[in-house]
Amino acid sequence: MSKKAKKDFAYHLSRFLSIYLPDQRNVSENTVLSYKDTFKLILMFAKEEKKLLSNQLSISDLTRSFFEKFLLWLKSSRKCSVSTCNQRLGAIRSFFTYLQYEMPEAAMLCQEVLSIRTAKAPEGQLNYLAIDAVKALLAQPDINTKTGRRDAALLSLLYDSGARVQEIADLTIGDVRFRSPATVKLTGKGDKTRIVPLLSGPESLLKAYINDYMPEHINSTHPLFCNRSGEKFTRAGIAYTLKKYADMARNTNPDLIPTKVTPHCLRHSKAMHLLQADVNLIYIRDLLGHSDIKTTEIYARADTTLKRKALEKASPLNKPLQYPSWTDDDDLMNWLNSFGKR
């Protein structure tokens, strides 16, 4: 293989991430970052499993078999879920869709990779917290300290706004309006913005936090939530902060707080609590920033499933049936007579 061919992957990947996605496809910065993370994992896989460094990879190395093994590696070594693997596959497909126009000579290879099917994800249980669990979680930060006031503001806004973790990380000072009615502007997928009302609790916590951390000279484009170094909070930083307080809450409420609490779990929790309070699905859709009401309906289905299980548990017909001996007429008659009298 020629030296030039060895470098074609790096060349095309850099153009894909820096020119094609932002300029030609007009995708959001968060999407570009997500795709970048996928290719970082691909380079890790190539180095660990194939003993290939990034400067040794060529497009011809990236076969269907290569990516099928990569997806298996994600599941086995990285313990990634089916939905995460499908998300990574989506980034790979986008790259090869771009590549088939840039490298017509690689059209066959591109088609083979594009033909990899997404895996069917199992229908999992919606992960959300009970209202008492949320109260216990939000009570953990010590609001008598500066850091505690910041974390209390962060967690309360994360729950009450129903925001995605990246939407919270991207907030700036100018996105918060304290004039009545107080609101926060969230920017979600596809750079779509929505205005969410601020309730009195999160509003007062945010005011206290801003008074602590934000000098008057800071402009409106400054990140709202910052770490101790004054840098913008990342998704990982927010998840770490949430985990710290979830662990604290679990120590005092072991039966109330599940072993895994993620930022998205708080988003699910807010949606379920609104639904259980008989809030219209249309309002919940708008609050969460869903483009289609069908996405929001998963909460209604989950709530219906929980209600059905509760009814089944209370139903007398749900008790185990004592079956008769099918070879004895008397036993069968007695069983028929007693059926339903439970």
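Residues numbered from 1 in each chain as written. Predicted model: local features only at pLDDT ≥ 70, side-chain atom pairs only at ≥ 80, totals over all residues. Heavy atoms only, no water.

1. A word on the state of the cysteines
Part 1: Taken as a whole and assessed by the stated rule, the structure comprises zero disulfides.
Part 2: Between Cys80, a free cysteine, and Cys85, which holds the nearest cysteine sulfur, the sulfur-to-sulfur gap is 5.3 Å. (Disulfide = S-S within 2.5 Å.)

2. Examining helix H8 (residues 146–160)
Part 1: Helix length check: H8, at 15 residues, gives a terminal C-alpha distance of 21 Å against a target of 21 Å (1.5 Å per residue), a fit within 8%.
Part 2: The buried fraction of H8 amounts to twelve of the 15 residues, a majority that puts the element mostly inside the structure.
Part 3: Inspection of H8 places Gly148, Arg150, Asp151, Ala152, Ala153, Leu154, Leu155, Ser156, Leu157, Leu158, Tyr159 and Asp160 among the buried residues, and these make up the whole buried set.
Part 4: Contact partners of the buried residues in H8: helix H7 (131–138), helix H9 (165–169), strand S2 (183–187), helix H10 (200–213), helix H11 (235–252) and helix H12 (263–276).
Part 5: Where H8 starts, the residue carrying a side-chain oxygen 3.0 Å from the main-chain nitrogen of Gly148 turns out to be Thr145.
Part 6: Downstream of H8 by one or two residues, Gly162 has phi in the positive range, about 65°. (Helix = DSSP H or I, 4+ residues; strand = E, 2+ residues; numbered from the N terminus. Expected span 1.5 Å × (residues − 1). Buried < 20%, exposed > 50% of the residue type's maximum accessible area, 1.4 Å probe, protein only. Contact = heavy atoms within 4.5 Å. Polar contact = N/O pair within 3.5 Å; in protein donor to acceptor, adjacent residues only side chain to side chain.)

3. Regarding the nonpolar core
Taken as a class, soluble globular proteins show a tendency for nonpolar side chains to be buried jointly.
Part 1: Formed by 49 residues in total, the largest nonpolar core has its most connected members in Leu157, Ile168, Leu206, Leu224 and Phe225.
Part 2: Those residues within four positions of Leu224 in sequence are excluded, and the remaining contacts are Leu157, Leu171, Thr172, Ile173, Val176, Leu206, Tyr209, Ile210 and Met214.
Part 3: Counting 36 residues, the second largest nonpolar core, distinct from the first, contains Leu62, Phe67, Leu99 and Leu109. (Core = buried A, V, L, I, M, F, W, Y, C linked by side-chain atoms within 4.5 Å.)

4. A look at the layout of surface pockets
Part 1: Of the voids in this model, the second largest pocket is the one considered here, and its volume is about 330 Å³.
Part 2: Per element, the largest residue contribution to the lining of the second largest pocket is five residues, and it comes from helix H3 (residues 29–49). (1 Å grid on protein atoms, 1.4 Å probe; cavity = no way out; pocket = protein on both sides within 12 Å on 5 of 7 lines; lining within 4 Å. Points joined across faces, edges and corners; volume = space filled by probe spheres on them.)

5. Side note on the pattern of salt bridges
Part 1: Under the counting rule described, the total for this entry stands at 13 salt bridges.
Part 2: The shortest N-O distance in the salt bridge between Lys244 and Asp151 comes to 3.8 Å. You can see Lys244 sitting in helix H11 and its partner Asp151 sitting in helix H8, a full 93 residues away along the chain.
Part 3: Here the salt bridges do not stand alone but share partners, grouping Arg150, Asp151 and Lys244 into one network. (Salt bridge = Lys/Arg side-chain N within 4 Å of Asp/Glu carboxyl O.)

6. Structural notes on the packing of aromatic side chains
Part 1: This structure, assessed with the given rule, holds 19 aromatic pairs.
Part 2: On the basis of an interplanar angle of 85° and a centroid distance of 5.5 Å, the ring pair of Phe67 and Phe96 is categorised as edge-to-face. Here Phe96 lies in helix H5 (residues 82–102) and Phe67 lies in helix H4 (residues 64–76), a separation of 29 residues in the sequence. Phe96 carries the same exposure label as Phe67, and that label is buried.
Part 3: Arranged with centres 5.3 Å apart and planes meeting at 20°, the rings of Tyr209 and Phe225 form a pair that is stacked. Placement of the pair is Tyr209 in helix H10 and Phe225 in the loop between H10 and H11, with a sequence separation of 16 residues.
Part 4: Judged by its relative accessible area of 1%, Phe225 falls in the buried class. (Phe/Tyr/Trp six-rings, centres within 6.5 Å; stacked < 30°, edge-to-face > 60°.)

7. Digging into the environment of Leu53
Part 1: Tracing the chain through its elements places Leu53 in the loop between H3 and H4.
Part 2: Take Leu53: its relative accessible area is 43%, and that puts it in the partly exposed class.
Part 3: Residues Leu53 and Leu43, spaced ten residues apart in sequence, show a C-alpha to C-alpha distance of 7.4 Å.

8. Considering the sheet that holds S2
Part 1: Taken together, the three strands give an open sheet; going across it, the order is S1-S2-S3, and neighbouring strands pair in antiparallel fashion. Each having just a single partner strand, strand S1 (176–177) and strand S3 (193–197) make up the two edges of the open sheet.
Part 2: Sheet analysis places S2 next to S3, joined by five bridges and oriented antiparallel. If you follow Thr183 over to S3, its bridge partner there is Pro197. (Pairing = 2+ DSSP bridges.)

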